[in-house]
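# Residue-level structure breakdown
One-letter residues, chain by chain:
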Amino acid sequence: MKKITAPVIRSMKAERQKIVMVTAYDAATARMVDEAGVDMVLVGDSLGNVVQGLPNTLPVTIEDMIYTTRMVSRGISRAHLAADMPFMSYQASKEDALRNAGRLIKEAGAESVKLEINEDYVETLYSIQKTGIPVIGHIGLCPQSVLEMGGYKVQGRGGKEARRLVNLAKMVEAAGAFSLVLESIPRSLAREITNSVRIPTIGIGAGPDCDGQVLVINDLLGLSPEPTPRFVKKYAELREVVGKSTRAFIEDVRSGAFPSEEHSYD
Ligand code: KIV
């Protein structure tokens, strides 16, 4: 079994191998997706929406991310493990950014960190990667800017904004990121960015021309409440399975059918 490192991910673009990334928030799920063969597991700050029941990612703390990443790291043998830097763990100062990126590596077992980036944080990204920590940039729809955006909206529509994102992608590459997440942008713009940088792009709601794709595991498994975004493809309907199994358990307990002889000790 060959461990997937940041340089391996980077080289996959030149080798035209599509990169597959999913999120995970616990060791059991991490083990299953690692064994299934994903290339990268991301402890996303989507933790806030998906696990913590929050309306957005803004309240997620660095302590939440360290706790969760530590659990996920115990389930992973082969995949590359990336962790999100949550809101306000890198924005206030470069010192905060270095300290918190370092904590995700040292205390939680992450192998890279991901930052939602605009022009103001390119230097921060550069400083983190200079310490030897591999960094993933995230541009397009950046959920940590939900208040500023006024909702979750497709980004990069219109010539000026599209130009800005192409330039930003080049700046992120020049600052030393080893890959770039593109979220919720038009397919044609994602293709242009992918063709403009040498680092791999990993899309979510960015069409099929990126170098890889990422989905939130709960969306992929059909565990998320409806409506899910248009870019989600459900590969299972686990909400239905959980509901059906739980209703069957309730019925069995209430009727006395469970536990039976077979589930009882002599
Ligand atoms: O927080 C997250 O899960 C993410 C991915 C959706 C890319 O940033």
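Quick caveat, the model's predicted, so the values are computed rather than measured.

## Considering the overall build of the protein chain
- Helix and strand counts for the protein chain stand at 11 helices and 8 strands.
- Relative to the globule expectation of 18 Å for 266 residues, the C-alpha radius of gyration of the protein chain, 20 Å, shows essentially globular dimensions.
- With respect to the principal axes defined by its C-alpha atoms, the protein chain has extents near 70 × 40 × 40 Å.
- For the protein chain, the proportion of its 266 residues judged to be buried stands at 47%.
- In the protein chain, the proportion of contacts linking residues at least 24 apart, taken out of those at least 6 apart, comes to 59%.
- Within the structure as shown, the protein chain displays about 13500 Å² of accessible surface, and the carbon and sulfur contribution to it stands at 54%.
- In the protein chain, which carries 32 positive and 33 negative side-chain charges, the distance between the mean positions of the two groups comes to 7 Å.

## Observations concerning the pairing of strand 5 (residues 135–140)
- Burial of strand 5 is extensive: 6 of the 6 residues sit out of reach of the surface.
- Judged by which residues are buried, strand 5 turns out to be covered on both faces: Val 135, Gly 137 and Ile 139 on one side and Ile 136, His 138 and Gly 140 on the other are all buried.
- In this fold, strand 4 (residues 112–116) hands off to helix 6 (residues 122–130), which returns the chain to strand 5; that crossover is right-handed.
- Note: strand 5 against strand 6 (residues 179–183), 5 bridges, orientation parallel. When the sheet's bridge partners are listed, His 138 is paired in strand 6 with Val 181.

## Quick look at the domain arrangement of the protein chain
- Partitioning the protein chain into structural domains gives domain 1 (6–235) and domain 2 (238–266).
- Relative to domain 2, the C-alpha centre of domain 1 lies at a distance of 39 Å.

## As for the site of the ligand
- With respect to spatial proximity, the complete set of residues near the ligand consists of Thr 23, Leu 42, Gly 44, Asp 45, Ser 46, Asp 84, Lys 114, His 138, Ile 204 and Val 216.
- Asp 45 is positioned such that a nitrogen or oxygen atom in its side chain is 3.1 Å from an oxygen atom of the ligand.
- In the environment of the ligand, an oxygen atom lies 2.5 Å from a nitrogen or oxygen atom belonging to the side chain of Ser 46.
- Protein contacts shield 95% of the accessible area of the ligand, which totals 260 Å² for the unbound molecule.
- Here the shell around the ligand is composed, by residue class, of 3 nonpolar, 4 polar and 3 charged.

## Remarks on the environment of Val 166
- Examined against the element boundaries, Val 166 turns out to sit in helix 8 (residues 159–174).
- Residue Val 166 is classed as buried on the basis of its relative accessible area, which comes to 2%.
- A C-alpha to C-alpha distance of 9.3 Å links Val 166 and Gly 156, two positions 10 residues apart in sequence.
- If sequence neighbours within four positions are ignored, Val 166 has contacts with Leu 189, Glu 192, Ile 193 and Ser 196.

## Regarding the environment of Ala 206
- Within the fold, Ala 206 resides in the loop between strand 7 (201–204) and strand 8 (212–215).
- The sequence separation of Ala 206 and Ile 185 amounts to 21 residues, and the corresponding C-alpha distance is 5.1 Å.

## Focus: the pairing of strand 4
- Of all 5 residues in strand 4, 5 are buried; the element is thus mostly enclosed.
- Residues Ser 112, Lys 114 and Glu 116 of strand 4 are buried on one face, and the alternating residues Val 113 and Leu 115, pointing to the opposite face, are buried as well.
- Note that the unit made of strand 3 (residues 80–84), helix 5 (residues 94–106) and strand 4 has a crossover that is right-handed.
- Inspection of the sheet shows strand 4 paired to strand 5 by 4 bridges, in the parallel sense.

Calculation notes
- Residues numbered from 1 in each chain as written.
- Predicted model: local features only at pLDDT ≥ 70, side-chain atom pairs only at ≥ 80, totals over all residues.
- Heavy atoms only, no water.
- Helix = DSSP H or I, 4+ residues; strand = E, 2+ residues; numbered from the N terminus.
- Rg over C-alpha atoms; globule rule 2.2 N^0.38 Å.
- Buried < 20%, exposed > 50% of the residue type's maximum accessible area, 1.4 Å probe, protein only.
- Contact = heavy atoms within 4.5 Å.
- Areas by Shrake-Rupley, 256 points an atom, 1.4 Å probe, with all protein chains shown as cover.
- Lys, Arg positive; Asp, Glu negative; His and termini not counted.
- Charge placed at Lys NZ, Arg CZ, Asp CG, Glu CD.
- Right-handed = clockwise from strand over helix to strand, strands pointing away.
- Pairing = 2+ DSSP bridges.
- Domains from an automatic or database assignment.
- Near = heavy atom within 4 Å.
- Polar contact = N/O pair within 3.5 Å; in protein donor to acceptor, adjacent residues only side chain to side chain.
- Nonpolar A, V, L, I, M, F, W, Y, C, P; charged D, E, K, R; others polar.

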